[in-house]
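So you can see what is in the structure, the chains are spelled out below.
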Protein chains: 2
Amino acid sequence: MPELAPTLAVVGGGQLARMMAQPAIALGLPLRLLAEAEGVSAAQVIPDQVVGDHRDLATLREVTAGCSVVTFDHEHVPTEHLHALEADGIAVRPGPDALVHAQDKGVMRERLAELGVPCPRNAIVTEAADVEAFGLPCVLKTTRGGYDGKGVWFVDGDDWRDTCAEAFAAAREAGVRILAEERVDFRRELSALVARSPSGQAAAYPVVASTQRDGICHEVVAPAPDLDPDLAASAQQVALRIAGELGVTGVLAVELFETTDGRVLVNELAMRPHNTGHWTQDGAVTSQFENHLRAVMDLPLGSPAPRARWTVMVNILGGPNPSVGRLYDGFPHAMARDPHLRVHLYGKELRPGRKVGHVNAYGDDLEDCLERARHAAAWFRGDLGNESE
Amino acid sequence: MPELAPTLAVVGGGQLARMMAQPAIALGLPLRLLAEAEGVSAAQVIPDQVVGDHRDLATLREVTAGCSVVTFDHEHVPTEHLHALEADGIAVRPGPDALVHAQDKGVMRERLAELGVPCPRNAIVTEAADVEAFGLPCVLKTTRGGYDGKGVWFVDGDDWRDTCAEAFAAAREAGVRILAEERVDFRRELSALVARSPSGQAAAYPVVASTQRDGICHEVVAPAPDLDPDLAASAQQVALRIAGELGVTGVLAVELFETTDGRVLVNELAMRPHNTGHWTQDGAVTSQFENHLRAVMDLPLGSPAPRARWTVMVNILGGPNPSVGRLYDGFPHAMARDPHLRVHLYGKELRPGRKVGHVNAYGDDLEDCLERARHAAAWFRGDLGNESE
């Protein structure tokens, strides 16, 4: 059969790659996956796959052979390998010079300061005295490798020296630096998601409000309720500016603090489809996953316009209840109670704290959407008596 | 890894199976595919697959091994094999006793007559004299094996005896019967699509209007414009009644004639996701593909409610223009012109008259949706100068 479309290489077999597979089917875009192990989330749904280590250049070359573009499920591919792939003639999207800002918080803070983008006050620290000089209370973060609450320490109270010691020890062991940041007095967390293509077209989704639990994204409301329109526009402009200045290709998620005094400060950057954009699968004309594919393939972007007044996303996390059965067994109640509910599962085993799926509920009434999505997620999690017998 | 969900076997590797894969990803429902050849439409997107012949019982047993349910991309599996699978303890959905009504037009007409469902006047004919007695003009159809305009003859004019001879010869060769039907004086064609689960829950989609070209579905408007509400309700009731009386599980499409004197007559039945339901992928809360999966797995059905005032689907068919390039090369113009356009490609090579994809356009203004969808389909087809260089 002649080639119907170029093949896109995707590194990483998690749920983000899995959810890219859905619009790839519609677009007739073949994906070739590098999965970290057999049967992982995306490997269940993408036939053309290589199983191997994304830190191994030969494996990366194997999966990208014959592909003109490579993109990512995560940000963990070593920068030198990305440069090597570029030297091979593969378009790496997002490219290493952009991606480093999502990989290294120190580099990110430095660059955003140059651009004059508002951030929490921050400094690289190397010992407890630096932290004391920076001022307590504060937050310490490893510059690389942290995610979902890992690699983050809150420094305060009598044991602050112990906390610092723990953080510096972890950083030494991982060979990374420690960034100190002020504890921002924030009203809530926002997220501004944009997609940007190599030719420079960009699309900005409505700014959403996100709620964290134990450092993990728990709930997203799109659009952010009662958000000042000027602040919303300014958040979108910050995200578009960062995407443009850093040369991001694909989806960029800018996590923000909305401060109690009415400013937005950049918290984190992610250069891939992001948990705060999962609502777009059912709540926007074009999902973040489709626009990520379009962007990295340098195709015109789809409309990021919302399709409903409100869309609420709630994550399904593995709970502490060991007697919960399969998520599949939660379907009868969840689907019968709410025929409008949209369920997205990742093909993952339940483990405490692990993201295994999410639900979306959309409609005209925010309270109704919140109740429906929260009920369904709690039901799947086993918090409502959904135990196997 | 422990089993997270039951595996659903799907027989047939066409675009319908391909489009089932999208909601299967979201539901975390593993599919196992029987593909007629390597690399066919659905085989490109479903990793767990067997390549083989759906007329071979051993192959059917191989693909259903360990599955509790089997469903279909097409209606061509021999009835005796379906009974054998049932005897093996596999739930065949739709079951052979229902499916025969979609496989054999003679059986279908007989059963619908028993149920008192309005149909065009019809009779089984065995020679030209029968056709003359039935009355000209009329339509001859093979009772089995016809689709997309194949196995259909319009009998009229001076050469009517030659047409009859051709039809009877084709029927003899295929070992099937010939059904004569009156040529209905119809205003337009409608389609009533329902999903029904084994426990008897059913969901009815809005009745749509469909336009054929050369016997192939060309365009669908949802809902059917200016349709009398009583007639719409009666079409939905006919479809629900047929689904219930015949014991259909999964999606049932009832193709109807809306007569010039304001009645609906049943034209054809299909027991699988249907071309007249492709609009639901972007225009309904739950797509026909997801509701087919839910129905055959006996899960509660999702809402069939429309998400937009109008949704228009136009098929992309391979045109006669040999200089048209890849469909993929049509993306830049089609996507840039209409950021709200929804494109669905099947991973098929372009051949004249072959369905290779479709587009959906939804919105508040029917004329606008029609213009957008028609333009995009014509562009992909190469009718607007989309030639490769």
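Just so we're clear, the structure is a prediction, and the values are computed from it rather than from any experiment.

1. Description of the interface of chain B and chain A
Contacts between the two partners involve 52 residues from chain B, matched on the other side by 52 residues from chain A. Summing both partners gives a buried area of about 4400 Å² for chain B against chain A, and 58% of it is carried by carbon and sulfur. A per-residue breakdown of the area chain B buries against chain A is headed by Ile25, Arg307 and Tyr328 of chain B, which together make up 17% of the total. Summed over the shared surface of chain B and chain A, the result is four salt bridges. With a closest N to O distance of 2.7 Å, Glu290 of chain B and Arg342 of chain A form a salt bridge. Inspection of the region where chain B meets chain A yields 17 residue pairs in polar contact (both at pLDDT 80 or more). Listing elements by their share of the side of chain B that touches chain A, those giving two or more residues are helix H1 (15-27), helix H10 (288-296), helix H11 (331-337) and strand S17 (342-345) of chain B. With seven residues, H1 of chain B is the largest single contributor of residues to the side of chain B that touches chain A. For the side of chain B that touches chain A, a count of residues per class yields 32 nonpolar, 10 polar and 10 charged.

2. Here we look at the nonpolar core
The biggest cluster of nonpolar side chains holds 104 residues, and the ones touching the most others in it are Val359 of chain A together with Val359 of chain B. In contact with Val359 of chain A, not counting residues within four places along its chain, are Val312, Met313, Val314, Ile316, Leu341, Arg342, Val343, Ala373, Ala376, Ala377 and Phe380 of chain A.

3. Looking at helix H4 (residues 96-103) of chain B
Residues lying three or four places apart along an α-helix face the same way, a consequence of the helix completing one turn every 3.6 residues. Of all eight residues making up H4 of chain B, seven are buried, and the element is well covered by its neighbours. Considered for burial, the residues of H4 of chain B that qualify are Pro96, Ala98, Leu99, Val100, His101, Ala102 and Gln103 of chain B.

4. Description of the relation of the copies chain B and chain A
When chain B is fitted onto chain A, the two copies agree to an RMSD of 0.0 Å after a turn of 180° and an axial shift of 0.0 Å. Between the two chains, the operation in question is that of a two-fold axis. Using C-alpha coordinates, one finds that chain B approaches the rotation axis most closely at Pro47 of chain B, a distance of 2.1 Å. Comparing interface residues between copies, 100% of those in chain B also lie at the interface in chain A; the contact surface is shared.

Procedures and definitions
Residue numbers run consecutively from 1 along every chain, following the written order of its sequence. For this description, chains carry letters from A and ligands carry numbers from 1, given in the order in which they are written. Since the coordinates come from a predicted model, pLDDT governs what is reported: local features require at least 70, and pairs of side-chain atoms require 80 or more to be given and counted, while whole-chain, interface and lining totals use all residues. Excluded from the side-chain calculation are hydrogens and water; included are all heavy atoms of the structure. Residue contacts are defined here by distance: any two heavy atoms, one from each residue, within 4.5 Å place the two residues in contact. Buried area is a sum: the accessible area each of two parts loses on coming together, probed at 1.4 Å, counted once for each and added. Note on definitions: salt bridges are taken to be side-chain nitrogens of Lys or Arg within 4 Å of carboxyl oxygens of Asp or Glu. Whenever a nitrogen or oxygen atom comes within 3.5 Å of another N or O atom, the pair is scored as a polar contact, on the condition that within protein one atom can donate a hydrogen and the other can accept it, and that pairs from neighbouring residues in sequence are kept only if both atoms are in side chains. Under the DSSP-based scheme used, a helix requires at least four consecutive residues in state H or I and a strand at least two consecutive residues in state E, with every element numbered from the N terminus. Gly is placed with the polar residues, together with every amino acid not listed as nonpolar (Ala, Val, Leu, Ile, Met, Phe, Trp, Tyr, Cys and Pro) or charged (Asp, Glu, Lys and Arg). By convention a nonpolar core is built from buried Ala, Val, Leu, Ile, Met, Phe, Trp, Tyr and Cys residues, the set being connected through side-chain atoms within 4.5 Å. Three exposure classes are used, based on accessible area relative to the maximum for each residue type with a 1.4 Å probe and protein chains only: buried under 20%, partly exposed in between, and exposed over 50%. All copies are superposed by least squares; the fitting set is the C-alpha atoms of residues with a pLDDT of at least 70 in both.

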